[in-house]
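These are the residues of each chain, in order.
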Amino acid sequence: MRHIPIQYTGISSRFLCGLKNTDFNGNVSLIFVSIMILEVCCNSLDSALAAQSAGAHRIEFCTGLALGGLTPSMGLLKEYTKIISLPTRVLIRPRGGDFSYTSGEFNSMLEDIAYCKELGFEGVVSGILQPDGNLDVARTAALVASASGMKFTFHRAFDWVLDPQETFLKLSKMGVHSLLSSGTALKAVDGLDQLKALKEMSTAVEIMPGGGVNAQNALVFKEAGFKAIHLSGVAAEKVLVQTPKVSMHTVALLSDTHRFTTQENRVKDVLSLLENPH
C-alpha cells in the first residue's frame, strides 16, 4: 500500500485541515494539521523518527545532507517503511556536485524511482539540469513520467537555473507537483520576492520555500501565503568519545563545478609499477 496524497477534507475557523494518510501497512488515518505543511528533510532513520515524534506533516528522506542530499540505499528505504508512517518523498540523486548526469546515472535514477514506487512511498524529489545551467527538459520529463501515480518535487537544482520563471513554466507543463526552492538566494527568506513571483504564476504547483527556514522566520512564509515549508532542523550531536586521528571526510573533494572521478591513466601507472617494479 502507498501513502494517499494529502487531501484537504475541511477547513475550520482556526485554519485547520484534515490530512488523510495511508501508511506502508495500509492503515488509514485522518490527522488535523495547520494548513501550512511542514516538510522535514531527514538524513537518517533517527532524524525521521524525531520528525515524526515532533508532529511533522511530511518527510523528504535522504542521506548525505552535507552533500546536498543523496538517495538512501535500498536496505535503508526498506527499513524506513517499517518504522515511519508519515507521507514521505525520497530524494533521487545518485551523487553530490552538479545536477547533470551520465546515461548510467540517469538509468539508476529511473531504477530508484521504480523501487520507491514498489515500496509505496508517496513521492520522489529529483531533477536534472544541463551543464550550462538550463533545465534538462527531456530527462526531467522522463523522471516525472516514471513517477506517475506518485508526487514529484523538483528540488533545489532550480536555484541554479538561468531563467527561473521560464523554467518554472516548463516544470508546470510536465506535471511537477511541488517546487523546493530558496528563490535562487542562499536563504529562502532572502529569496522571498522571487518565491512570491513564482507562487503567483501557478496555483497547481506547490511552491515550497526551503533553505535556512527555522522558528525565527517560518511565519514570514505563512503570512506570504505559502502552503508548505521545508527545513532539516538538524543540530550536531557528539557520538564518539574521542576525535579520531585520521579524518574520513575530504573537504577538497567537495565542489559544485567539478566532478572527482577515477582516472584510467593513474590506475594504469600503479598497475605498471606493480607488474614491473624494477
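This text follows the structure it describes.
Residues numbered from 1 in each chain as written. Predicted model: local features only at pLDDT ≥ 70, side-chain atom pairs only at ≥ 80, totals over all residues. Heavy atoms only, no water.

### Describing unusual backbone geometry
Move 1: Not every positive phi belongs to a glycine, and threonine 184 is a case in point at roughly 65°.
Move 2: With respect to the secondary-structure elements, threonine 184 resides in the loop between β9 (178–181) and α6 (192–201). (Helix = DSSP H or I, 4+ residues; strand = E, 2+ residues; numbered from the N terminus.)

### A look at the environment of aspartate 256
Move 1: Tracing the backbone shows aspartate 256 in the loop between β11 (228–231) and α8 (264–275).
Move 2: The spatial distance from the C-alpha of aspartate 256 to the C-alpha of phenylalanine 99 is 9.1 Å, given a sequence separation of 157 residues.
Move 3: Leaving out residues up to four positions away in the same chain, aspartate 256 has contacts with Gly97, Asp98 and Trp160. (Contact = heavy atoms within 4.5 Å.)

### A look at the pairing of strand β5 (residues 58–61)
Move 1: Here β5 shows no split at all, with Arg58 and Glu60 on one side and Ile59 and Phe61 on the other all buried.
Move 2: Bridge analysis of strand β4 (residues 37–42) against β5 gives four bridges, and the strand direction is parallel. Its bridge partner being in β5, valine 40 is matched across the sheet by isoleucine 59.
Move 3: With respect to chirality, the unit in which β4 leads through helix α1 (residues 45–54) into the neighbouring parallel β5 is right-handed.
Move 4: Judged from the three bridges that link them, β5 and strand β6 (residues 88–91) form a sheet pairing that is parallel. Directly across from glutamate 60, in β6, lies its bridge partner arginine 89.
Move 5: A crossover links β5 with its parallel partner β6, the connecting element being helix α2 (residues 74–83), and its sense is right-handed. (Buried < 20%, exposed > 50% of the residue type's maximum accessible area, 1.4 Å probe, protein only. Pairing = 2+ DSSP bridges. Right-handed = clockwise from strand over helix to strand, strands pointing away.)

### Structural notes on the pairing of strand β10 (residues 206–209)
Move 1: A two-sided burial pattern is seen for β10, the buried positions comprising Glu206 and Met208 on one face and Ile207 and Pro209 on the other.
Move 2: As paired elements, β9 and β10 share four bridges and run parallel to each other. The residue of β10 that forms the bridge with leucine 179 is isoleucine 207.
Move 3: Handedness of the crossover joining β9 and β10 through α6: right-handed.

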